[in-house]
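# Coordinates in review
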Amino acid sequence: MPRPIVTFLSDFGTQDWFVGVVHGVIQTVAPEAHVVDLNHTIPPGHIARGAFVLEAAAHDFPPETIHLAVVDPGVGTRRRALAVRARHQFFVGPDNGLLEWALSDPDAVVHELVEERWFRRPVSRTFHGRDIFAPVAGHITRGVPLEAFGPAVTDPVRLPQAHPIVDGDRLNGRVVFIDRFGNALTNLTSEAIAAAFGADAADEAFDVRLLDRRVGALARSYGDAPVGTIVAIIGSSGRLEIAQVGGDIAERMGIGEGDPVSVRVAGRPAANSR
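Residues numbered from 1 in each chain as written. Predicted model: local features only at pLDDT ≥ 70, side-chain atom pairs only at ≥ 80, totals over all residues. Heavy atoms only, no water.

## Details of the overall build of the protein
A count of helices and strands for the protein gives six helices and 15 strands. Split into buried and exposed, the 274 residues of the protein put 52% on the buried side. Roughly 13100 Å² of accessible area belongs to the protein as shown, and the carbon and sulfur atoms make up 52% of that amount. The centroid of the 26 positive side-chain charges in the protein is displaced by 2 Å from the centroid of its 33 negative side-chain charges. (Helix = DSSP H or I, 4+ residues; strand = E, 2+ residues; numbered from the N terminus. Buried < 20%, exposed > 50% of the residue type's maximum accessible area, 1.4 Å probe, protein only. Areas by Shrake-Rupley, 256 points an atom, 1.4 Å probe, with all protein chains shown as cover. Lys, Arg positive; Asp, Glu negative; His and termini not counted. Charge placed at Lys NZ, Arg CZ, Asp CG, Glu CD.)

## Details of the packing of aromatic side chains
For the structure shown, the criterion picks out nine aromatic pairs. Plain terms: the ring middles of Phe8 and Phe12 are 6.0 Å apart, the flat faces sit at 75° to each other, and that makes the pair edge-to-face. Taken together, a centroid distance of 5.6 Å and an interplanar angle of 65° make the contact between Trp118 and Phe149 edge-to-face. Here Trp118, found in the loop between strand S6 (109-112) and helix H4 (128-141), pairs with Phe149, found in the loop between H4 and strand S7 (165-167); they are 31 residues apart in sequence, far enough to count as distant. Accessibility classification places Trp118 together with Phe149 in one group, the buried group. The ring of Trp101 is capped by Arg87, whose NZ or CZ atom sits 4.3 Å from the centre of that ring. A cation over a ring is seen here: Arg180 above Phe181, with NZ or CZ 5.4 Å from the ring centre. (Phe/Tyr/Trp six-rings, centres within 6.5 Å; stacked < 30°, edge-to-face > 60°. Lys NZ or Arg CZ within 6 Å of the ring centre and 35° of its normal.)

## So, the sheet that holds strand S4 (residues 81-86)
Taken in spatial order, the six strands of this open sheet run S2-S1-S3-S5-S4-S6, and their pairing is mixed. On the outer flanks of this sheet lie strand S2 (34-39) and S6, each paired with one strand and no other. On average, each strand axis in the sheet is tilted by 20° relative to the strand beside it, whichever way the strands run. Note: strand S1 (residues 5-10) against S2, five bridges, orientation parallel. (Pairing = 2+ DSSP bridges. Axes fitted to C-alpha atoms, helices over the stretch in contact; angles between N-to-C directions.)

## Let's talk about the environment of Gly50
Residue placement: Gly50 occurs in helix H2 (residues 47-58). Given the relative accessible area of 0%, Gly50 is considered buried. When near neighbours in sequence (up to four residues on either side) are disregarded, Gly50 contacts Leu9, Ile42 and Leu98. (Contact = heavy atoms within 4.5 Å.)

## Some points on the pattern of salt bridges
Counting across every chain of the model gives 15 salt bridges. Measuring nitrogen to oxygen at the nearest pair gives 2.5 Å for the salt bridge that ties Asp72 to Arg79. Accessibility classification places Asp72 together with Arg79 in one group, the buried group. With a closest N to O distance of 3.1 Å, Glu116 and Arg121 form a salt bridge. Three or more residues joined by partner-sharing salt bridges are found here, namely Arg170, Asp207, Arg209 and Arg214. (Salt bridge = Lys/Arg side-chain N within 4 Å of Asp/Glu carboxyl O.)

## Concerning unusual backbone geometry
Following Arg121, the chain continues into Pro122 via a peptide bond in cis, with omega recorded as -5°. Looking at the secondary structure, you find Pro122 in the loop between S6 and H4. A positive phi is found at Leu211, a non-glycine position, where the angle reads about 55°. Although it is not a glycine, Asp212 sits at a positive phi angle of roughly 65°. Tracing the backbone through its elements, the reader meets Asp212 in the loop between strand S10 (206-210) and strand S11 (213-216).

Written as structure tokens, this is what we have:
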């Protein structure tokens, strides 16, 4: 049988021992598990950033993967701890919106983590990633059903979502993430664009604007334009990205999360918003 996969995302950084000891707890419970460090550079307490990275990455893992996510500014408070089965995978983390992509599945099954027999003892008030979430993730790899960890939850905390909006002939969205190359990823997904303008719209007919500055048509690759050119492209995450070929568009234009972006297709009215 293939080794079970546990991904691990956090805001712990790498300069301390926190990531390492979480690995140690998982391997103690499930020595056969393969732990994949997804990202540990989420800004401290930035739940929305962690939720975005988890959403962007999770679908590239096989069914039955367990995603351990810990961005938990409410650790030690009365916020709940959750395990979720959704999208043919498992998700473990705090009930603060971090698991939004899993919770957005209409068929998501959600349980609160309250059965202490599955925890590492004693449970610290400040390190639930080690003492609650890590051992639960390990036990899930060994086939422990979610209902064994605690009662079902019907009202998990959800993150507010900014969906693309049709305004006249344009589909309006916003920048949701700046990657390490300075590329601006938006909430305009290929599915949203196809729903607004049709799946057969030609790339060269697109008019893309960022901060009310015209970027141009959709490029097929970064290499389609000379170095220094600003391009719009559907990136590997399935989202519209604005990039500078060979450079940092966020620094060049002063772009940040929340900045407006829009798309229009010449000669086509936009359909109703999704």
